[in-house]
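# Fold and contact review
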Amino acid sequence: MNVHTERKLINGAHSIGLGAIAAGCRYFAGYPITPQTELLEYMSQALPQSGGVFQQLNDEISSIMACFGASAAGARAMTASVGPGLTLMIDGIANAAGAELPMVIGVLTRAHVGVSSGLLPAQSDIRMLKGGGNGDYHIPILVPASCQEAAELTFDAFYLAEKYLTPVFVAIDGVMANMMETVSFDPSSRLQNDTLPYRPTLKEQSDCSVMISSYFTPDIDTYTCFRLQEKYQKMKEQESRFEGYMLEDADYIIVAFGVMARIAKQVVQLARDNGIKLGLFRPITIFPFPEKQLYEFAKKARGILVTEMNFGQILIDVKLAVSGICPISFYGHPAEPIIPTTLLEQVKNLAAKGKTDV
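The text that follows walks through the structure, step by step, so that each part is easy to find. Keep in mind that this is a model prediction, so the values were computed, not measured.

The number of helices and strands found in the protein is 13 helices and 14 strands. Looking at the protein as a whole, 54% of its 358 residues qualify as buried. Sequence separation of at least 24 residues holds for 80% of the intrachain contacts in the protein that already meet a minimum separation of 6. When the accessible surface of the protein is split by element, carbon and sulfur atoms take 53% of a total near 15400 Å².

Here we take up the sheet that holds strand β10 (residues 252-255). Across the sheet, five strands lie side by side as β9-β11-β10-β13-β14; this open sheet has mixed pairing. Each having just a single partner strand, β9 (242-245) and β14 (328-332) make up the two edges of the open sheet. Strand-to-strand twist of the sheet, defined as the mean angle between neighbouring strand axes without regard to direction, takes the value 20°. Of the pairings in the sheet, the one linking strand β13 (residues 303-308) to β14 comprises five bridges and is parallel in character. What sits directly across from glutamate 308, in β14, is glycine 332.

For the rest of this paragraph, the subject is the pairing of strand β3 (residues 53-56). With four bridges connecting them, strand β2 (residues 27-30) and β3 associate as parallel partners. Bridge pairing links phenylalanine 28 to phenylalanine 54 in β3. In this view, the connection linking β2 to its parallel neighbour β3 by way of helix α2 (residues 37-49) has right-handed handedness.

Moving on, we come to the packing of helix α1 (residues 12-22) against α2. Where α1 contacts α2, the two axes come as close as 8 Å, and the packing angle between them is 35°. Crossing angle aside, the handedness with which α1 passes α2 is right-handed. The residues of α2 that touch α1, namely those facing Ala13, His14, Ile16, Gly17, Leu18, Ala20 and Ile21, are Glu38, Leu39, Tyr42, Met43, Ala46 and Leu47. Across the contact of α1 with α2, the residue classes break down as ten nonpolar, two polar and one charged.

For the rest of this paragraph, the subject is the packing of aromatic side chains. Inspection of the entire model under this criterion finds five aromatic pairs. Relative to phenylalanine 281, the ring of phenylalanine 242 lies with its centre 4.8 Å away and its plane at 10°, an arrangement referred to as stacked. With phenylalanine 242 in strand β9 and phenylalanine 281 in strand β11 (residues 278-283), this pair connects stretches of sequence that are 39 residues apart. Looking at phenylalanine 242, the relative accessible area reads 28%, which means it is partly exposed. Phenylalanine 281 gets classed as buried once you look at its relative accessible area, which sits at 0%. Ring centres of phenylalanine 242 and phenylalanine 297 lie 6.2 Å apart, and the angle between their planes is 65°; on these two criteria the pair is classed as edge-to-face.

Turning to the sheet that holds strand β12 (residues 285-287), a few remarks are in order. The strand order β3-β2-β4-β5-β7-β6-β12 describes an open sheet built from seven strands, whose pairing is mixed. Looking at which strands have only one partner, the edges of the open sheet turn out to be β3 and β12. For strand β6 (residues 141-142) and strand β7 (residues 167-173), the ladder comprises two bridges, and the chain directions are parallel. Across the sheet, residue isoleucine 141 finds its bridge partner in β7, namely phenylalanine 169. Together, β4 (77-81), β5 (103-109) and β7 form the strand contacts of α1, whose direction differs from that of β7 by roughly 155°.

Now for the pattern of salt bridges. Under the definition given, this model contains 14 salt bridges. For lysine 231, the salt bridge identified is with glutamate 100, shortest N-O distance 2.9 Å. Here glutamate 100 lies in the loop between α4 (83-99) and β5 and lysine 231 lies in helix α9 (residues 218-238), a separation of 131 residues in the sequence. As far as the burial class goes, lysine 231 and glutamate 100 line up, both buried. Residue arginine 262 pairs with glutamate 181 through a salt bridge whose shortest N-O separation is 2.5 Å.

Residues Glu181 and Val183 point to one face of strand β8 (residues 180-183) and are all buried, whereas Met180 and Thr182, pointing to the other face, are not buried. With four bridges joining them, strand β1 (residues 8-11) and β8 adopt antiparallel strand pairing. The residue of β8 that forms the bridge with lysine 8 is valine 183.

Reading guide: rules and limits
- Residues numbered from 1 in each chain as written.
- Predicted model: local features only at pLDDT ≥ 70, side-chain atom pairs only at ≥ 80, totals over all residues.
- Heavy atoms only, no water.
- Helix = DSSP H or I, 4+ residues; strand = E, 2+ residues; numbered from the N terminus.
- Buried < 20%, exposed > 50% of the residue type's maximum accessible area, 1.4 Å probe, protein only.
- Contact = heavy atoms within 4.5 Å.
- Areas by Shrake-Rupley, 256 points an atom, 1.4 Å probe, with all protein chains shown as cover.
- Pairing = 2+ DSSP bridges.
- Axes fitted to C-alpha atoms, helices over the stretch in contact; angles between N-to-C directions.
- Right-handed = clockwise from strand over helix to strand, strands pointing away.
- Left-handed = near helix turned anticlockwise from the far one by under 90°.
- Nonpolar A, V, L, I, M, F, W, Y, C, P; charged D, E, K, R; others polar.
- Phe/Tyr/Trp six-rings, centres within 6.5 Å; stacked < 30°, edge-to-face > 60°.
- Salt bridge = Lys/Arg side-chain N within 4 Å of Asp/Glu carboxyl O.

What follows is the structure, given as structure tokens:
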């Protein structure tokens, strides 16, 4: 039986590794940090068995720059970290975006401001992922809501990375990183790589000197900036993804991503049991954010509740998408998932306010 199609009980971190190897990842460089260490350990064992190279390097700066070099040489490359490690990678990530080098970066988040000894889960790094480095650049951000989806979206991330010649983030929180679920992954059901742009391999480059950099001479620098923006606009038009749940007749909408979307889906059922027509809008891509799709549903809604394991990091995206056509509330905290009954009370408050506003 194919190693990728066999049903397995694995956690979210391992699911990312499963999807990466199925997509043809053949180089992984990283440095251990909880909860990303689970992915590091998985890749250290599974990648060499698939003919790839695994390297544990001295720090996150070395890891991202090693991926920069591997990608420049034609390898499908990946690294991963959590918030403090990602801050060290920002320079390499921004330069990879400028150099248009495809790679995938796993993000496994926990609650912290700066370096923290706390290991509680959170969704607190989204704003950093949406452009932490210098310049006008964007990086696709995929946010799975299950271990199955973590494998599938990581596979897709390699396709998107090469289609648009860009780094791509796959972000899960600490709950999903350690949560065990059954995963049955068939790569043939995902996006195919047969139309990807040609990229030379290291062997093909061996007889010539190759330099890839995000540095451009002044005469082409402005042109490059405009060309990159055209690419990001194409991403917005073609790559926005979302899941809608019971939105067709919804008077109210709850917006959530990742593990919070799983809880929000339960809240939808609880709200409807209480006579409130609630629907779930789940962004699967945070960049590009599915703003046009949310706007269409918001036009029919009487109110929106955004919930996150942070203090409102996609709230800005929701407000921009909705453009003031209906009220928006927020409820979140920085560590541990919010329980359904607490969210239900927030929904009831939103519905009660909606009745008084009529």
